[in-house]
Amino acid sequence: MDRVSSFDEPLKKLLGGATAKVMAEHLDLHTVGDLLHHYPRRYEERGKLTALADLPLDEHVTVVAQVADARILMFNNGRGKRLEVTLTDGSGRLQLVFFGHGVHKPHKELLPGRQAMFAGKVSVFNRKMQLAHPTYQLLDASDADEATEAVDAFAGRLLPIYPACKQLDSWRIAKAVDAVLPSAQDAVDPLPASLREGRGFTPLPEALLKVHRPQTKADIEDAKARLKWDEAFVLQVALARRRYADTQLPAAARRPVADGLLDAFDAKLPFTLTEGQEKVSKEIFDDLATEHPMHRLLQGEVGSGKTMVALRAMLAVVDAGGQAAMLAPTEVLAQQHHRSITEMMGELAEGGMLGGSDRGTKVVLLTGSMGTAARRQALLDLVTGEAGIVIGTHALIEDKVQFHDLGLVVVDEQHRFGVEQRDALRSKGKQPPHLLVMTATPIPRTVAMTVFGDLETSVLDQLPAGRSPIASHVVPAKDKPHFLARAWERVREEVENGHQAYVVCPRIGDDAEEAEGKKGKAKKKTAEEDPEKRPPLAVLEIADELRKGALAGLTVEVLHGRMHPDEKDDVMRRFAAGDVDVLVATTVIEVGVNVPNATAMVIMDADRFGVSQLHQLRGRVGRGSAPGLCLLVSEAHEASPARARLSAVAATLDGFELSRIDLEQRREGDVLGQAQSGVRSSLRMLTVIDDEEVIAAAREEAVAIVAADPELEHLPELRTVLAALLDKDREEYLDKG
């Protein structure tokens, strides 16, 4: 067997079909290599008991503890049997409960004084922490032979605790790892020898042995240092090669012209740009003036003036004879951008029209729902070059759309577009256009280096003058229903003071959605049987309740993604004009919607949204001179992680701080969010949030290696490992540019 293939060996050959199937379906582990890279989450020392006092609620845990007492209780007039076992570790207590036929074995084995490993999901019953029907493995034994075996297996050992699932406990995963551990010898080492020796790293086969079966704590540290470095380094090499390839592409330099469109626009601005906007504009203009394509990420808080910076870049490109396209994720947002850009430009957006400026250009909108005549005119304006700027949704990407000379593509809210869509738009230039990607989701530096590692980054961190503070509060609807009543009173007060409000719900609640839900799911318990499982609150239902109840007499309208585009546009226009008091919406308003008179937002079932999403939504209020108010309504239990998340959002308006909290809380298995699944699946040891130094150092080494040998001709092992990392999906994922 050659050196790579033992890692590619399917698990079912070594572990049997049933175990391999569970590993594939629930842990995404398919090959020997996958399992060897499924590292322990932590280690228990033999005899050392897990602190029961601080177990996390609702999580699958493994604990080592001692049985304090066990008793069988009857219920249902003696028809039902329940075994209750109390565990202790000296600091806290934990209740175990077994029902029905499942009580016999544990009743015989879990005797007071015995010690075992237990795994299960932590819940609360009668105000006590409990594990229902946990799986367990005894760590001591009654007869001498068994005792010796148990001691041999565990005494003095560091027990690896693996990320597990309900169908497969940590110790069964440990047994499976034992079966594949000999293959660690075949690991292909991606690090150049000089780098490995220079940094004093353990060889890779040894690191894999040490991480799974450490003899000492020093073994664990050695292994982690090596494995973290590998992940960071291989990823940074992939990104460095991508950046290098981009610098080899040709592009037309687009330099602003004196007394052109940009100067005319700047002259009529009613305010001065912030220092941040000036600085970032300079970085962009410098990039546009070079003869290979700009690849820049512009990140800035909601309302930091990114659109203004992007518009000035677009005007500079038009001045230089090119065209600029702005790609927005939704029709609502494309229309809004078109409206605000034509308003900002005034007569400069009416080039070639009566009353337009002779220095002006046409600014056209292109969306999927436009009428045929308007669409035909827009397409004509693009192909002749009459329109210097086009703003649109993915309709811009269709084959029919041709440009005269596409010079710049601006992508708003990067994470909403697939790679193919961005590529298709880029391919419409005579040569690759410059690319500016904007996001209002603040990204910590380490994540920017990892996830957007092939883009140069600019940050806008000052808010323009005139933005107001936003007060945020959690409303615990279940524990304190009167708080929710007060929330609706606050909305009424805002409207009475001449302002407007948003109410955001996670679901639409229309027939199409219900049908989809029924089609894809087996019969669910009703909400009465299981209140935890009730569907998320819906726009149409909440709007109806508010019109009849708490907000009767106010103009309440709805906005969601399944409405006809004209209807959506009509509602947004009336809301912007102040004719609608309260807009009940889904997250279609999350990005870019700008109504300065809207001061209050109530987010229903707020625990069903992510931290960054809540921050984005909140950024829709406080956009004028009046202070904003954001109320996060939740039925989540006070001690739950969901409530902790909401409290964090309420406590700070700093998006970078929140994105840090978000990463810390979602670390297990979802570090980089859905959009970055390629990287997510390749990072197992590296935690992007904590390992900034490792990532920065790996980036430096990767840049040097790629500069010296772009094709990695002298580093065949590194090429092999890269090829394995960058399978089709990950390769595409990395192709952010």
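From a predicted model like this one, the values you see are computed outputs, not experimental measurements.

Asks: What is the right way to read the overall build of the protein chain from this model?
Replies: Helices and strands together make up the secondary structure of the protein chain, namely 29 helices and 21 strands. When contacts within the protein chain are restricted to residue pairs at least 6 apart in sequence, those whose partners lie at least 24 apart make up 74%. Accessible area of the protein chain: about 33000 Å², with a carbon and sulfur share of 51%.

Asks: Help me understand the confidence of the model for the protein chain in this model?
Replies: Note: predicted coordinates in regions of low pLDDT should not be interpreted at a detailed level. Mean pLDDT over the protein chain: 82, with 83% of residues reaching 70 or higher. Counting contacts from residues 521–531, a segment whose pLDDT is below 50, to residues more than four positions away or on other chains yields two contacts.

Asks: Please clarify how the packing of helix 14 (residues 331–345) against helix 21 (residues 565–577) should be interpreted in this entry.
Replies: Axis angle and axis distance: for two packed helices, these are the angle between their axes and the distance between the axes, and together they describe the pair. Two numbers describe how helix 14 lies on helix 21: the axes approach to 10 Å, and their chain directions differ by 50 degrees. Relative to helix 21, helix 14 is oriented oblique. Taken as a pair, helix 14 and helix 21 cross one another with a handedness that is right-handed. Counting all contacts with helix 14, which are made through Glu-331, Val-332, Gln-335, Gln-336 and Arg-339, the residues of helix 21 involved are Pro-565, Lys-568, Asp-569, Met-572 and Arg-573. Its residues assigned to classes, the contact of helix 14 with helix 21 shows three nonpolar, two polar and five charged.

Asks: Looking at this structure, how should I read the pattern of salt bridges?
Replies: Enumeration over the complete set of coordinates arrives at 34 salt bridges. The partner of Glu-25 in a salt bridge is Lys-21, and the shortest N-O contact between them spans 3.3 Å. Pair noted here: Glu-25 and Lys-21 are both in helix 3 (residues 17–27), with a separation of four residues, about one helical turn. Each of the two residues, Glu-25 as well as Lys-21, counts as exposed. Across the pair Asp-381 and Lys-362 runs a salt bridge whose closest N-O atoms are separated by 3.0 Å. Of this pair, Asp-381 sits in helix 15 (residues 372–384) while Lys-362 sits in strand 11 (residues 362–366); the two residues are 19 residues apart in sequence, bridging distant segments of the chain. Residue Asp-381 is classed as buried on the basis of its relative accessible area of 5%. A network of salt bridges, in which partner residues are shared, links Arg-486, Glu-489, Arg-490, Glu-493 and Glu-494.

Asks: What is the right way to look at the sheet that holds strand 17 (residues 500–504) in this model?
Replies: Hydrogen bonding along the main chain pairs the strands of a sheet, whether they run parallel or antiparallel. Spatial ordering of the open sheet is given by 16-21-20-17-19-18, a layout of six strands whose pairing is parallel. At either margin of the open sheet sits one strand with a lone partner, and together these are strand 16 (470–476) and strand 18 (556–559). With direction set aside, neighbouring strand axes in the sheet form an average angle of 20 degrees. By the bridge criterion, five bridges tie strand 17 to strand 20 (residues 598–603) in an arrangement that is parallel.

Asks: I would appreciate a short explanation of unusual backbone geometry in the present structure.
Replies: Leave glycine aside and you will find that most residues have negative phi; peptide bonds, for their part, are mostly trans. Residue His-133 is not a glycine yet carries a positive backbone phi of 45 degrees. Mapped onto the elements, His-133 comes out in the loop between strand 6 (128–132) and strand 7 (135–138).

Asks: Is there a simple way to think about the sheet that holds strand 11 in this case?
Replies: Sheet architecture is open: seven strands sit in the order 11-12-10-13-14-9-15, paired in parallel fashion. Each edge of the sheet is formed by a strand with only one pairing partner; in this case those strands are strand 11 and strand 15 (456–460). Recorded for the sheet is a direction-independent mean angle of 20 degrees between the axes of neighbouring strands. For strand 10 (residues 323–327) and strand 12 (residues 387–392), the ladder comprises four bridges, and the chain directions are parallel. Across the sheet, the residue bridging to Ala-324 is Ile-389, located in strand 12. Its contacts with the sheet place helix 12 (residues 275–288) against strand 9 (295–300), strand 13 (406–412), strand 14 (434–439) and strand 15, and it is angled at close to 160 degrees to strand 15.

Asks: Sorry if this is basic, but what is going on with the environment of Ala-697 here?
Replies: Relative to the helices and strands, Ala-697 is located in helix 27 (residues 692–708). Owing to a relative accessible area of 18%, Ala-697 belongs among the buried residues under this scheme.

Asks: Any chance you could explain the pairing of strand 10 here in plain terms?
Replies: In the case of a regular strand, side chains alternate between the two sheet surfaces. Counting buried positions along strand 10 gives five out of five residues, so the element sits mostly inside the fold. Taking every second residue as pointing to the same face, both faces of strand 10 are buried, with Gln-323, Ala-325 and Leu-327 on one and Ala-324 and Met-326 on the other. Pairing between strand 10 and strand 13: five bridges, direction parallel. In the strand pairing of strand 13, Leu-327 is matched with Val-411.

Asks: Honestly, the packing of aromatic side chains in this entry has me stumped. Any pointers?
Replies: How two aromatic rings sit relative to each other is given by the distance of their centres and the angle of their planes. Under the defined criterion, the tally for this structure stands at six aromatic pairs. Taken together, the aromatic side chains of Phe-98, Phe-118 and Tyr-136 make up a single cluster linked through ring pairs.

Asks: Quick question: what am I supposed to make of helix 12 here?
Replies: Side chains three or four residues apart in an α-helix point the same way, a direct result of the helix having 3.6 residues per turn. Taking 1.5 Å of rise per residue, 14 residues should cover 20 Å, and helix 12 covers 20 Å from first to last C-alpha, within 8% of that figure. When helix 12 is considered as a whole, its buried residues turn out to be Gly-276, Gln-277, Val-280, Ser-281, Ile-284, Phe-285, Asp-287 and Leu-288. Looking down the long axis of helix 12, one finds its buried residues gathered within 160 degrees of arc, a one-sided arrangement. Residues of helix 12 that are exposed and point over 90 degrees away from its buried face: Glu-275 and Lys-282. Buried residues in helix 12 make contact with helix 11 (261–267), strand 9, helix 13 (306–319), strand 13, strand 14 and strand 15.

Asks: Which parts of the structure should I look at to understand the side chain of Asp-709?
Replies: For Asp-709, the position within the fold is in the loop between helix 27 and helix 28 (716–725). Buried within the structure, Asp-709 lacks any salt-bridge partner; Arg-719 is the closest side chain of opposite charge, at an N-O distance of 6.6 Å. Dropping the residues within four chain positions of it, Asp-709 is found in contact with His-714 and Leu-715.

Asks: Explain the nonpolar core to me, please; I cannot follow it from the model alone.
Replies: Ranked by internal contacts, the top residues of the largest apolar core, which has 58 residues, are Tyr-502, Val-582, Val-584, Ile-589 and Ile-603. With residues near it in sequence (within four places) discarded, Val-582 still touches Val-491, Val-495, Ala-501, Val-503, Leu-551, Leu-554, Thr-555, Val-556 and Glu-557. Core analysis: the second largest hydrophobic core is formed by 40 residues, Val-280, Met-308, Ala-328 and Met-345 among them.

Asks: I keep staring at the environment of Leu-131 and nothing clicks. Help me out?
Replies: Checked against the element boundaries, Leu-131 lands in strand 6. By relative accessible area, Leu-131 is classed as buried at 0%. Separated by 13 residues in sequence, Leu-131 and Phe-118 have C-alpha atoms that sit 8.9 Å apart. Contact partners of Leu-131, with chain neighbours within four places excluded, come to Val-61, Leu-94, Gln-95, Leu-96, Val-97, Phe-118, Ala-119, Gly-120, Lys-121 and Val-122.

Asks: Would you mind showing me how to read the side chain of Ser-634 here?
Replies: Within the fold, Ser-634 resides in strand 21 (residues 628–634). A relative accessible area of 1% places Ser-634 in the buried class. A polar side-chain atom of Ser-634 sits 2.9 Å from the main-chain amide nitrogen of Ala-636.

Asks: When you look at the packing of helix 9 (residues 204–212) against helix 10 (residues 217–247) in this model, what are you seeing that I'm missing?
Replies: As a packed pair, helix 9 and helix 10 sit with axes 8 Å apart at the nearest point and diverge in direction by 125 degrees. When the interaxial angle is binned, helix 9 and helix 10 end up oblique. Note on packing geometry: the crossing formed by helix 9 with helix 10 is left-handed. Touching Leu-204, Ala-207, Leu-208, Lys-210 and Val-211 of helix 9 are Asp-219, Asp-222, Ala-223, Arg-226, Leu-227 and Asp-230, all from helix 10. Here the residues of the contact of helix 9 with helix 10 are counted per class, giving six nonpolar, no polar and five charged.

Asks: Sorry if this is basic, but what is going on with the environment of Ala-550 here?
Replies: For Ala-550, the location among the structural elements is in the loop between helix 20 (539–548) and strand 18. Under the relative-accessibility criterion, Ala-550 is labelled partly exposed at 34%.

Parameters at a glance
- Residues numbered from 1 in each chain as written.
- Predicted model: local features only at pLDDT ≥ 70, side-chain atom pairs only at ≥ 80, totals over all residues.
- Heavy atoms only, no water.
- Helix = DSSP H or I, 4+ residues; strand = E, 2+ residues; numbered from the N terminus.
- Contact = heavy atoms within 4.5 Å.
- Areas by Shrake-Rupley, 256 points an atom, 1.4 Å probe, with all protein chains shown as cover.
- pLDDT = per-residue confidence, 0-100.
- Axes fitted to C-alpha atoms, helices over the stretch in contact; angles between N-to-C directions.
- Parallel < 35°, antiparallel > 145°, perpendicular 65-115°, else oblique.
- Left-handed = near helix turned anticlockwise from the far one by under 90°.
- Nonpolar A, V, L, I, M, F, W, Y, C, P; charged D, E, K, R; others polar.
- Salt bridge = Lys/Arg side-chain N within 4 Å of Asp/Glu carboxyl O.
- Buried < 20%, exposed > 50% of the residue type's maximum accessible area, 1.4 Å probe, protein only.
- Pairing = 2+ DSSP bridges.
- Phe/Tyr/Trp six-rings, centres within 6.5 Å; stacked < 30°, edge-to-face > 60°.
- Expected span 1.5 Å × (residues − 1).
- Arc of directions from axis to C-beta.
- Lys, Arg positive; Asp, Glu negative; His and termini not counted.
- Core = buried A, V, L, I, M, F, W, Y, C linked by side-chain atoms within 4.5 Å.
- Polar contact = N/O pair within 3.5 Å; in protein donor to acceptor, adjacent residues only side chain to side chain.

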